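Inside the fold
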Amino acid sequence: MNATEHMIRRAIRLAMTGRGRVEPNPMVGCVLARDGRVIGEGYHTHFGGPHAEPQALADCMARGESPAGATAYVTLEPCCHVRKKTPPCAPRLIEAKIAKVVLGCLDPNPAVNGNGVAMLRAAGIDVSRVDPALEAECKQLIAPFLLRTCCRRPYVTLKWAETADGKIAGPGGSRLQITGEPANQLVHLLRSRSDAIMVGVNTVLADDPQLTARGVEHSRLHTRIILDSKLRAPANARIFLASGEKERTIIFHSPAAAANPPADERISRLLNAGAQLILRGENPNDRLSLTDVFEHSLLSDLSDLMVEPGPAVAQSFFESGLAHRLWIFRSARRVNDDSAPSAIKVPSEYVVTGHMKIGDDVLTEYLDTKSDAFFAAVPSADFVLAAEALM
Ligand SMILES: NC(=O)c1ccc[n+]([C@@H]2O[C@H](COP(=O)([O-])OP(=O)(O)OC[C@H]3O[C@@H](n4cnc5c(N)ncnc54)[C@H](OP(=O)(O)O)[C@@H]3O)[C@@H](O)[C@H]2O)c1
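Residues numbered from 1 in each chain as written. Predicted model: local features only at pLDDT ≥ 70, side-chain atom pairs only at ≥ 80, totals over all residues. Heavy atoms only, no water.

1. Focus on the overall build of the protein chain
Helix and strand counts for the protein chain come out as 13 helices and 14 strands. The C-alpha radius of gyration computed for the protein chain amounts to 23 Å, which stays within 12% of the reference 21 Å derived for 391 residues, consistent with globular compactness. Taken over the C-alpha atoms alone, the protein chain extends approximately 70 × 45 × 35 Å along its principal axes. Buried positions account for 54% of the 391 residues belonging to the protein chain. Contacts in the protein chain between residues at least 24 apart in sequence constitute 74% of all its contacts with a sequence separation of at least 6. Surface exposure of the protein chain reaches about 16,800 Å², of which carbon and sulfur atoms provide 51%. The averaged location of the 44 negative side-chain charges in the protein chain is 3 Å from the averaged location of its 44 positive side-chain charges. (Helix = DSSP H or I, 4+ residues; strand = E, 2+ residues; numbered from the N terminus. Rg over C-alpha atoms; globule rule 2.2 N^0.38 Å. Buried < 20%, exposed > 50% of the residue type's maximum accessible area, 1.4 Å probe, protein only. Contact = heavy atoms within 4.5 Å. Areas by Shrake-Rupley, 256 points an atom, 1.4 Å probe, with all protein chains shown as cover. Lys, Arg positive; Asp, Glu negative; His and termini not counted. Charge placed at Lys NZ, Arg CZ, Asp CG, Glu CD.)

Structure, rendered in structure tokens:
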């Protein structure tokens, strides 16, 4: 590994520390070095908080070092625009007399895109870019931010658990706890870093899940979504218990709901339970059209969406090409019953980016190589942080 790669990888790892707190901003890391020695480092810690570059400069001063003449390795182009929560970073690097900036990738935000580089160069700073493979890793780090900026869509993770014989529930679809406590805790952590969780109505009917993030320090989760064409979700389902001012439960339904009497009565019970109902179109299979659902402003305002699908919803996501990442937990237990529903097969376009043993279960992460949020087959920040926590 050459020096640039070493420093940028260190900056990538630093950036990951902000996961779950910086969104909808991107995770960013910065390392200041002179003669191959790190003299300061920092990362964007939380939304509205200082960016990576001023954090690294402050760290440099705290170490009693001077940033003058140093090289700054940053995973993302330093910002140069005003009218935002924090002052721009490019002028800070210029004031600190940084000699060279090595960039992981450009910022797609039109207010920055190339302007940060131009401002640095105009001040006489030598700006260089990393090689394309490393740039792809820097982009993968911020895939949800890139996707949101370019396409106004959330980064979607499908998560499910399956037994050693490929079953996702017990005999006849009965409720079954497949994974152990360490894996369950990790799922709550992943939920806490998501804006929203989505399920199909059959999961509500079969498992009555709460879909909350429990046992976590900090949670961003504010929305639960049910795909329920005919409004079959019962108003006393536990998913509605957490509905309130801070957390909401949305049901997407289709015109089929009106043809499923007594529709008015069910609608008023669901509204009383705190649900918001949104009508969307159907796909050719008479199910809610996911494309239509994802065009709703509620979805385009999200950065991270976690879906906990049964096979039917997983199939629809694969068919629509809307799932960017899979987290599949495989346990050692077996059901040994043909009436238990089987997990859907992972399509061939998904590449494995990591395996991790967690308690008695194994987590495998996959990324969709065909998606517009795929840049490099590297483990996500969530996966890296989880693996480190287990060490
Ligand atoms: N092991 C795990 O990690 C895990 C995770 C989740 C669920 N499960 C299990 O999975 C089983 C349920 O699986 P499932 O496949 O029957 O149901 P599901 O995926 O939970 O829900 C499917 C239902 O969602 C509704 N839906 C609305 N729009 C849809 C769309 N575009 N695509 C697909 N479905 C859409 C449909 O009902 P309408 O036509 O009425 O709208 C459909 O029947 C349960 O036994 C549950 O315990 C296991």
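2. Considerations on the packing of aromatic side chains
Taken as a whole, this structure holds 4 aromatic pairs when the rule is applied. When the ring of W327 is compared with that of F329, the centres are 6.3 Å apart and the planes differ by 75°; the resulting orientation is edge-to-face. For F329, a relative accessible area of 2% translates into the label buried. These aromatic residues form a ring-pair network of at least three members: W160, F318 and Y350. (Phe/Tyr/Trp six-rings, centres within 6.5 Å; stacked < 30°, edge-to-face > 60°.)

3. Examining the sheet that holds strand 13 (residues 350-358)
A sheet is described by the order of its strands in space; here 9 strands give the open sequence 10-9-8-7-11-6-12-14-13, paired in mixed fashion. The open sheet has two edge strands with one neighbour each: strand 10 (275-279) and strand 13. When the angles between neighbouring strand axes are averaged without regard to direction, this sheet yields 20°. When strand 9 (residues 248-253) meets strand 10, the two strands line up parallel, connected through 5 bridges. Of the residues in strand 10, the one forming a bridge with T249 is A275. Of the strands in this sheet, strand 6 (155-162), strand 7 (196-200), strand 11 (304-307), strand 12 (325-330), strand 13 and strand 14 (361-368) touch helix 7 (residues 181-192), which is tilted by about 160° from strand 12. (Pairing = 2+ DSSP bridges. Axes fitted to C-alpha atoms, helices over the stretch in contact; angles between N-to-C directions.)

4. Here we look at the domain arrangement of the protein chain
Here the protein chain is partitioned into domain 1 (3-141) and domain 2 (153-390). Put simply, the middle of domain 1 and the middle of domain 2, counted by C-alpha atoms, are 35 Å apart. At the interface, 12 residues of domain 1 touch 20 residues of domain 2. Counting the surface lost from both domain 1 and domain 2, the interface buries some 1,400 Å², and carbon and sulfur atoms represent 55% of this. (Domains from an automatic or database assignment. Buried area = accessible area lost by both parts, 1.4 Å probe.)

5. Quick look at the environment of G20
Relative to the elements of secondary structure, G20 occurs in the loop between helix 1 (3-16) and strand 1 (29-34). Considering only alpha carbons, one finds G20 and S219, 199 residues apart in sequence, at a separation of 7.8 Å. The residues contacting G20, other than those within four sequence positions of it, are R193, H218 and R220.

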